[in-house]
Amino acid sequence: MIILNALGILFWMILIPFCIGFLPIRIIPTGLRKPIFIYITGFIITLAALELTGIPTELIFVYNAYRKFVIVFGAVLILLAVFGVISLRAFLTASSQKLNCTSVKSLLRPEKTSLKSQISSMSLESKIYMLISLLLIASQIVMLFLVYSRDADDSFYNAQATSAQVFGTMYRIDAGTGYTTNLDYRHCFALFPMYQAFISSASGVHLLIVAHKIVPIVLIPITYYLLYNFGSVLFPKKQEAAWLFVILINVFKLFGGISHYTAETFFLLRTWQGKSFAGNFILPGIIFIFLYMKNKSDGTVENNAKSKSVNKFELLALAFLVLAAGSASSIAVLISVGLVGLLSLIFLVINRDWKAFFREIATIIPGILYMLLYLICTVVG
Amino acid sequence: MAESFSECLKALKNFTGLKLLLGITLISWIYLFIKEKRKAVRAVLVFLPLVVMLIFLCPFSKTLFDALGQEGDIYYRFLWMIPFGIITSFGIVRFAGNSRVKRIIALLVSSLIIIFSGSLVYSNAAFFKSQNLYGIPKETIDIVDYIKSVDDHERMTILPSSDIIASVRQYDANMMMPYGRDFFDAPYGYVNAVFDAYENPQREMKPIVFGNLVEATRNADVEYIVMHIAVLNDGKFEEAGLELLANIDDHLIFRDPVISEKVADYVMHD
């Protein structure tokens, strides 16, 4: 049984998002075509799909909305994963390659050298910094099993998820008491708890193990991977500096618990909550996309073959990040939209590129629609 | 307007926790402001934080945010747009430059400064030693599992003690409760007869009056009452009609036979 549970988790949380990540393979910049980045791309698309399937389901169906959601969301994910593999195959065929392990491996290795040879070509200093960074990240994962946190919000989010599993409805049960209530418009758009409920239902693992252990095991490494990418862009061709940056970021995250309000406190105290994911991944993700996109057009990133061209992947990534923020909370969408707007304006002032500005601003449209729907529902509902 | 500005300052003060950690970020930011020349990097790590901070401290922003009717004081989350950790780390590593010795010194000195000016997240009082994979108190699991073992109904209404109330429905949503954990944060004026009979005496360090409690729990169809042994006092639960089932992890589990009968009748006629 445990083996089946583990396979279920690996299938829905790792394999499916990984396959979905190949959907935009044609437009992913060569430098970003790496396994973890493909996975992150798929994970963000998964969260966007969560919003696009979950919100209509819970608004339309009063009874059994969760049960319908599990079927619809599961089917959509499988469909997206299949299209992801088709997209990968078409991409490989276009370059006269067949879809097999060797061709995928070579595609996901933009440096054209194996991981082993990449590591052996690193300086001793880089290797030591990398080892310290990985140990620090591993220690945060180990801590998930040594301590647990009692957070008041869990009694709402996790109980909403278990209530959905037990009663089959979505956000129509009072999380505190278990009695039925009107659709909770304030929270029902933030479907991150329902994603965890889905993983739990699909794998047969208790929701609390999914939320408190499995989801953080995924979120902590991908957050640091994003931060490592910041280091790579900020210190091009300087591996020592990039890894030193990751160590310091680790120390900052570990000792950033200066108040209850910092993103760092949320990161380790309630990793599994949508608001923590928004503060520690979505918002830095938006900043990274802008940095990567604009640094590229400055010609300072290695892969600048497409510089000054339309950054299709980066723009799509912004739109999907804003939509994925909706799974965290309505305020996360507001902040994400604000962040994209501010960065677009700052770069407009710097570069005077109106075309780029309009393209970037267009990426907030999904967020604006989300907020409009939220406002209509909360006012009317 | 002045009031809104002072609220913004207060939110910022609370955010910093009056620790020096964000002072290091400020020093790093000033260094980047002077030294960093790449346009894109300046935009995201120098101009963005400046603009966000100015907007955050603008009283009009706070007024507008309040008008949106967001619950609770979550205005501070706008500060998450500033990548504090990235600015701090980037400034330090950039300052260390290309010299290996400088990098090693920077790593040691800056790590120590961050450690001493910050606060280890794991030192937060909300952390407890892990007792199971579920990430909730062991007592919750033992108590809920026990109640389910003595009752063959799918759902039951229980009144948990305050130490486990937050985690009962996270573990098993089949457990119905007369009030949730949120009731402990509810503004004055919220009324719940069971809460008044069970929690108010504990808050006022008075003994629980079982007669009052059972009267309230019967009206709410509560079948099981979970009470920490420390708050039992000299309560005469038998006179009130309760049946003591067990002591699980220093929590007494009472059953109300009147409600059990009512539930059995209901299930039979359903």
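Residues numbered from 1 in each chain as written. Chains lettered and ligands numbered in written order. Predicted model: local features only at pLDDT ≥ 70, side-chain atom pairs only at ≥ 80, totals over all residues. Heavy atoms only, no water.

Observations regarding the nonpolar core
In step 1: Ranked by internal contacts, the top residues of the largest apolar core, which has 173 residues, are Phe245(A), Phe277(A) and Ile286(A).
In step 2: Here this core gets 17 residues from one element, more than from any other, and that element is helix H9 (residues 207–234) of chain A.
In step 3: Setting aside its immediate chain neighbours within four residues, Phe277(A) contacts Phe43(A), Ile44(A), Leu47(A), Phe192(A), Leu219(A), Ile222(A) and Ile282(A).
In step 4: Listed in part, the 42 residues of the second largest apolar core include Ile136(B), Met156(B), Tyr224(B) and Leu242(B). (Core = buried A, V, L, I, M, F, W, Y, C linked by side-chain atoms within 4.5 Å. Buried < 20%, exposed > 50% of the residue type's maximum accessible area, 1.4 Å probe, protein only. Helix = DSSP H or I, 4+ residues; strand = E, 2+ residues; numbered from the N terminus. Contact = heavy atoms within 4.5 Å.)

Things to note about the domain arrangement of chain B
In step 1: Partitioning chain B into structural domains gives domain 1 (2–118) and domain 2 (138–269).
In step 2: Once you take the C-alpha centre of each, domain 1 of chain B and domain 2 of chain B turn out to be 47 Å apart. (Domains from an automatic or database assignment.)

Notes on the sheet that holds strand E3 (residues 175–176) of chain B
All names here are of chain B.
In step 1: Pairing in this open sheet of five strands is mixed, and the strands run E3-E2-E4-E6-E5 from one edge to the other. The sheet is open, and its two edges are formed by E3 and strand E5 (243–248), each paired on a single side.
In step 2: The pairing of strand E2 (residues 156–159) with strand E4 (residues 224–228) spans two bridges and is parallel. Within the sheet, the bridge partner assigned to Leu 159 lies in E4 and is Ile 225. (Pairing = 2+ DSSP bridges.)

Regarding the pairing of E5(B)
Residues and elements named next belong to chain B.
In step 1: Bridge count for E5 against strand E6 (residues 251–255) is five bridges, and the pairing is antiparallel. Residue pairing in the sheet places Glu 243 in a bridge with Arg 255 of E6.
In step 2: Here E5 folds back onto E6 in antiparallel fashion, the turn holding two residues, of which Asp 249 has a positive phi close to 50 degrees.

Concerning the interface of chain A and chain B
In step 1: In this complex, chain A contributes 88 residues to the contact, which on the side of chain B involves 87 residues.
In step 2: Between chain A and chain B, the buried area comes to about 7,700 Å², and carbon and sulfur atoms account for 70% of it.
In step 3: For chain A, the biggest contributors to the area lost against chain B are Tyr148(A), Phe252(A) and Ile258(A); these three give 11% of the whole.
In step 4: Linking Arg103(B) and Glu125(A) is a salt bridge whose minimum nitrogen-to-oxygen distance equals 2.7 Å.
In step 5: One can count 21 residue pairs in polar contact (both at pLDDT 80 or more) joining chain A with chain B. (Buried area = accessible area lost by both parts, 1.4 Å probe. Salt bridge = Lys/Arg side-chain N within 4 Å of Asp/Glu carboxyl O. Polar contact = N/O pair within 3.5 Å; in protein donor to acceptor, adjacent residues only side chain to side chain.)

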